[in-house]
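# Summary of the model geometry
Spelled out from the first residue to the last, the chains are:
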Amino acid sequence: MMKDNWFSKLDKKKVIKGFTLAWGLILIVVMTITNIGFNEEFDFRSWLGNTLIILGIIVFGLFMGESVGEDTQKERIGGLYQNALSEFEKIILALEGLLMYFMQFFGWFSVQELFDKKVNYLIMNNITQTNAKKIIKYCSIIDVELLLLKPIEKIDEETGETIRIGRINVEQEEAIRKVLLGHIKLDASNPSYYLSAHGRSNSKSVLEQGKHLDDLIKFNKWTNRGIKLAMSLLIAIVLGFLTVKDFMSGDDIQAWVNLVMRISALLTSFLSGWLSAVQDVKLKSLQITNKVIVLKLFKNAYESKIFIPLNEEEIIAQEISVITHDEKYISEESLEEHDTVEREENDHE
């Protein structure tokens with residue numbers, strides 16, 4: 001038990017970096033005392049053979065480091081990954097009787113998130129939050145030209161209330177057109193992604209974090225591999241130009257230097273793979289945590305009755321409403337395109 005506590009408290013990153021530094025020092029000493037210099041009789045075939053051997057060692061060490069590092073990090077009790085996995089299992093258990101409604105919630109919540117994203121986009125383009133919300137909720141593309149001239153009024157269909165929408169300027173027009181034409185989208189994963197701890201996103205609000213973390217995981221892994229392989233190949237090329245001089249007989253010392261180089265390549269590539277795996281597992285832990293956050297939002301919304309599941313008749317009515325809205329949007333977009341073409345023809349005349 002004491003050994004386990006000592007090992008768990010050990011700062012593994014510092015140990016790895018310290019070991020790497022010590023090995024680098026040994027390498028410098030060996031290269032110095034053996035009087036390494038440039039090879040004046042460069043043998044391409046010999047260099048190519050040594051380079052391929054070192055490259056093979058590097059690839060082996062890199063993948064072994066990634067594999068061992070990932071397994072160690074994922075299996076570590078009390079680690080980020082195990083804690084995230086435990087939280088996910090708890091929330092799934094708590095939602096056992098409600099998961100049938102998650103797809104409905106996902107659709108409902110996506111609408112709220114998309115609305116907020118559009119509002120934030122307009123705010124970033126110097127439109128007040130109040131006016132941004134009114135424009136998104138009550139305006140269509142055909143209202144933009146009028147808004148450039150003066151404030152307008154709309155009637156809320158549900159309450160009958162008169163809504164006053166402030167005038168916009170030319171600098172704000174492009175952003176508003178982009179929003180009203182549906183060019184601002186929510187880059188979210190599909191609902192099933194959030195119901196599995198190990199599910200991958202295939203699609204940056206809360207819902208967009210899944211895809212974002214997927215991209216980070218891929219970027220981390222392949223960037224690290226690419227950099228390490230490129231750097232290792234460069235080192236191998238340089239080493240291929242080096243030879244041993246003066247100390248003992250050339251063949252024996254060259255063999256020892258080759259041994260040191262190859263052990264160094266194995267150790268450094270293994271440590272690189274390990275550190276890459278540590279970062280990869282951290283990102284996967286965040287991925288699971290993101291799923292927990294979305295599921296907790298579902299649970300809280302359901303329990304507080306902010307989200308109320310619809311029955312079959314209500315779902316059909318909602319689908320009809322969405323189709324009607326889409327048809328209206330398509331007709332307005334066509335009208336806007338027609339007006340644009342007409343204005344360009346008039347300008348040309």
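Scroll up to find the structure.
Here's a quick rundown of the structure. Since we're looking at a predicted model, the values are computed, not measured. (Residues numbered from 1 in each chain as written. Predicted model: local features only at pLDDT ≥ 70, side-chain atom pairs only at ≥ 80, totals over all residues. Heavy atoms only, no water.)

### As for the overall build of the protein chain
For the protein chain, the count of helices and strands is 11 helices and 4 strands. As presented, the protein chain carries roughly 22,100 Å² of accessible surface, and 61% of it is formed by carbon and sulfur atoms. (Helix = DSSP H or I, 4+ residues; strand = E, 2+ residues; numbered from the N terminus. Areas by Shrake-Rupley, 256 points an atom, 1.4 Å probe, with all protein chains shown as cover.)

### What about the pairing of strand 2 (residues 152–155)?
For strand 2 and strand 3 (residues 162–165), the ladder comprises 4 bridges, and the chain directions are antiparallel. Of the residues in strand 3, the one forming a bridge with E153 is R164. Hairpin connection between strand 2 and strand 3: a loop of 6 residues separates the two successive antiparallel strands, and G160 in this loop has a positive phi of roughly 75 degrees. (Pairing = 2+ DSSP bridges.)

### Focus on the packing of helix 5 (residues 102–124) against helix 8 (residues 170–180)
In the contact formed by helix 5 and helix 8, the axes pass within 9 Å of each other and the chain directions differ by 170 degrees. The orientation of helix 5 relative to helix 8 falls into the category roughly antiparallel. Residues K118, Y121 and L122 of helix 5 pack against A175, I176, K178 and V179 of helix 8. Class assignment of the residues belonging to the contact of helix 5 with helix 8 gives a composition of 5 nonpolar, no polar and 2 charged. (Axes fitted to C-alpha atoms, helices over the stretch in contact; angles between N-to-C directions. Parallel < 35°, antiparallel > 145°, perpendicular 65-115°, else oblique. Contact = heavy atoms within 4.5 Å. Nonpolar A, V, L, I, M, F, W, Y, C, P; charged D, E, K, R; others polar.)

### Notes on the nonpolar core
Counting residues in hydrophobic clusters, the biggest one holds 24 residues, and the most contacted among them are F102, F105 and F298. Those elements giving two or more residues to this core turn out to be helix 4 (80–94), helix 5 and helix 10 (250–303). At 7 residues, helix 10 tops the list of elements feeding residues into this core. Apart from the residues within four sequence positions on either side, F105 is in contact with V294, L297, F298, A301 and F307. V119, A132, I176 and I184 belong to the second largest nonpolar core, which has 22 residues in total. (Core = buried A, V, L, I, M, F, W, Y, C linked by side-chain atoms within 4.5 Å. Buried < 20%, exposed > 50% of the residue type's maximum accessible area, 1.4 Å probe, protein only.)

### A short note on the packing of aromatic side chains
Considering all chains together, one arrives at 15 aromatic pairs under this definition. With a centroid separation of 5.8 Å and 40 degrees between ring planes, the pair formed by F105 and W108 is classed as tilted. Within this pair, F105 and its partner W108 are both found in helix 5, separated by 3 residues, close to a single helical turn. For W108, a relative accessible area of 27% translates into the label partly exposed. Cluster of aromatic residues (ring-pair linked, three or more members): F102, F105, F106, W108, F109, Y193, Y194, F298 and F307. Taking NZ or CZ as reference, K291 lies 4.3 Å from the ring centre of Y193, over its face. (Phe/Tyr/Trp six-rings, centres within 6.5 Å; stacked < 30°, edge-to-face > 60°. Lys NZ or Arg CZ within 6 Å of the ring centre and 35° of its normal.)

### Remarks on the pattern of salt bridges
Evaluation of the coordinates by the stated rule reveals 10 salt bridges. A salt bridge links D280 to K284; its shortest N-O distance comes to 3.2 Å. Linking D280 with K284, this pair stays in helix 10, spanning 4 residues, or about one helical turn. Neither D280 nor K284 differs from the other in exposure class; each is buried. E303 is the partner of K299 in a salt bridge, and the nearest nitrogen-oxygen pair spans 2.9 Å. With K299 and E303 both in helix 10, this residue pair falls 4 residues apart, about one helical turn. Under the relative-accessibility criterion, K299 is labelled partly exposed at 21%. (Salt bridge = Lys/Arg side-chain N within 4 Å of Asp/Glu carboxyl O.)

### What about the environment of I306?
Assignment of secondary structure puts I306 in the loop between helix 10 and helix 11 (312–348). A residue is classified by how much of its surface remains accessible, and I306, at 57% relative accessible area, is exposed. In this view, I306 contacts W108 and A301; residues no more than four positions away in its chain are not counted.

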